[in-house]
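Remarks on the overall topology
Below, each chain spelled out in residue letters.
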Amino acid sequence: MTAGPRTVKARRLGLDAQSEAIVLLHRDSAICRSEGFSAHTRVQLRARGRIVVATLLSVISDLIAIDEAALSEAAWTRLALSEGDTIMIEHLDPVDSLSVLRSRIFGHVLNENGFRAIIGDIVAGRYSSIHIASFLTACAAPPLDEAEIFSLTRAMVDAGERLFWPQPVVVDKHSVGGLPGNRTTPIIVAIVTALGLTMPKTSSRAITSPAGTADMMETLAPVELSAAAIRHVVEAEGGCIAWGGAVQLSPADDILIRVERALDLDTQGQMIASVMSKKIAAGATHLVLDVPVGTTAKVRTAKDAEELSRGLLAVARDFGITARVVIGSGDEPVGRGIGPALEAQDVLAVLQRRPDAPADLRERAVRLAGVLIELAGLAPLNAGGALAMSILDNGRAWHKFQHICEAQGGMRTPPTSSHRQILTAPASGRLTAIDNRKIARLAKLAGAPEDRAAGVELLVRIGQDIKAGHNLCVVHAEAPGELDYALAYAAQHEDIFGIES
């Protein structure tokens, strides 16, 4: 490609903007002057037969030369550039689906074609983070109706790949989240696959929590598996626990999740579409949905749980999936660990049948696994739990889990933190509450999930009588600064632990 009015040398800036494609141009460059480019203009980059839509940022210092364009890692990688390459920068054609988005902002109901247009443009990279944030908030108020949720789910499924399995029964599980430490998935996968069921589990990384299932599992085995690798593991072992973002299953979901994380927004309609699009794309035929309910959980009331359950089951029915919702307590975190490696230790304790294994995590996993066993026809109603417990107790689940980890690339030992601090009770009394949101915030300030060993280790449970100075939890961090941030937050929020005298 020879140099021209809209062609400039490409430079790899080493800028990590996650998945966002960004191009930096000097404000006084010929291309900015001739094309009228200014900061936050959406432009089209061309090189090597590839096209990437990027956000332009304007530089007024000598950070970059006047005749070059500096690219973020996402833009550089997608264009497959090498040092010395040139790129062409053009105006982006109008994005027609933005008019559809504006219609939703003004309260109009969208049809399936509208959602397809928006989701297609999001996956193609034509929407900036600002556009995506607008879409998410437009879907929050007024909330999506049942037909819109179905249409959004369908659009998200069709925008990516789908896995198809020869087995007539493919089981899956999902928790709506909001409950720290609720890491039942690896235990469930190990139990049901030990019984011969097929469970290709794709999981998410953290959105607003200190750990997602994929973050936790990554401390035990590789999770970034291609579609071919997932199929190979499932053919060999009957199941897997992989990061869904590494394959093109509902690719719009991971893009939306990144913006949801920044907004700290997770609306019901979007949540249903997010959950069900991944399950449908993964090829599930039978599904158990875990809905924890508590005053500081994501779902706070029984009424909210019932509404969410109806929405989830309606979409499952429309797509031919046999599903059951299990509504359970969300009053306090599950297990002891909050954070990837700490949660992994809880999972190992349950699978290895250690005496100190957290009973609540064990019981929750067995209950959900039992429902899947019943849905799959391996046990009659109310008998699945006993069968699931027997598979855990006789060691078959632990044996199967090790084989799955090896098939995914080899079992790992979870890391341990280098900095720790115990938090103690300020007064005597009975522990009546643990604030899920605040304890999760404490774990995130300590460095989770980015620092895999960071988080919070709980030492008490609700209902326990404690004395002043009693150990409540251990804060784990990888850096002293993050430990200090977490401890400062804890000092300002003594109500993380509710103690009544």
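The sections below set out a description of the structure shown in this document.

The rules behind these values
- Residues numbered from 1 in each chain as written.
- Predicted model: local features only at pLDDT ≥ 70, side-chain atom pairs only at ≥ 80, totals over all residues.
- Heavy atoms only, no water.
- Axes fitted to C-alpha atoms, helices over the stretch in contact; angles between N-to-C directions.
- Helix = DSSP H or I, 4+ residues; strand = E, 2+ residues; numbered from the N terminus.
- Parallel < 35°, antiparallel > 145°, perpendicular 65-115°, else oblique.
- Contact = heavy atoms within 4.5 Å.
- Buried < 20%, exposed > 50% of the residue type's maximum accessible area, 1.4 Å probe, protein only.
- Salt bridge = Lys/Arg side-chain N within 4 Å of Asp/Glu carboxyl O.
- Phe/Tyr/Trp six-rings, centres within 6.5 Å; stacked < 30°, edge-to-face > 60°.
- Lys NZ or Arg CZ within 6 Å of the ring centre and 35° of its normal.
- Expected span 1.5 Å × (residues − 1).
- Pairing = 2+ DSSP bridges.

A short note on the packing of helix α7 (residues 185-194) against helix α16 (residues 396-407)
- Two numbers describe how α7 lies on α16: the axes approach to 8 Å, and their chain directions differ by 105°. Taken together, the axes of α7 and α16 lie roughly perpendicular to each other. In this structure, α7 uses Pro186, Val189, Ala190, Ile191, Thr193 and Ala194 to contact α16, whose residues at the interface are Arg396, Ala397, Lys400, Phe401 and Ile404.

Remarks on the environment of Ala316
- In this structure, Ala316 sits in helix α12 (residues 302-318).
- Since its relative accessible area comes to 0%, Ala316 is described here as buried.
- With 39 residues separating them along the chain, Ala316 and Ser277 place their C-alpha atoms 9.8 Å apart.

Re the pattern of salt bridges
- Summed over all chains, the structure comprises 27 salt bridges.
- Close ionic contact of Asp495 with Lys438 constitutes a salt bridge, the shortest N to O distance being 2.6 Å. Highlighted residues: Asp495 in the loop between α18 (480-492) and β18 (497-500) and Lys438 in helix α17 (residues 436-445), separated in sequence by 57 residues.
- The network of salt bridges with shared partners includes Arg205, Asp215, Glu218, Glu224 and Arg452.

Things to note about the packing of aromatic side chains
- In the structure shown here, the tally under the stated rule is two aromatic pairs.
- Centre to centre, the rings of Trp398 and Phe401 are 6.4 Å apart; their planes meet at 25°, and the pair counts as stacked. You can see Trp398 and its partner Phe401 sitting in helix α16, three residues apart, about one turn around the helix.
- Seen from the ring of Trp243, Arg205 lies directly overhead, with NZ or CZ sitting 4.6 Å from the centre.
- Of note, Arg231 hangs over the ring of Trp165, and the distance from its end group to the ring centre comes to 4.6 Å.

Thoughts on helix α11 (residues 268-281)
- Counted at 1.5 Å a residue, the expected span for α11 with its 14 residues is 20 Å, and the 20 Å between its end C-alpha atoms agrees.
- The element α11 is largely enclosed, with a buried count of 13 among its 14 residues.
- Just past α11, the residue Gly283 takes up positive phi, approximately 90°.

Digging into the sheet that holds strand β10 (residues 286-293)
- Taken in spatial order, the three strands line up as β7-β10-β11 in an open sheet, and their pairing is parallel. Looking at the sheet topology across the chains shown, the edges are occupied by β7 (171-175) and β11 (322-329). Taken pair by pair, the neighbouring strands of this sheet meet at an average axis angle of 20°, ignoring direction.
- Sheet topology places β10 next to β11; eight bridges connect them, and they run parallel. Note on β11: the bridge partner recorded for Leu289 is Val325.

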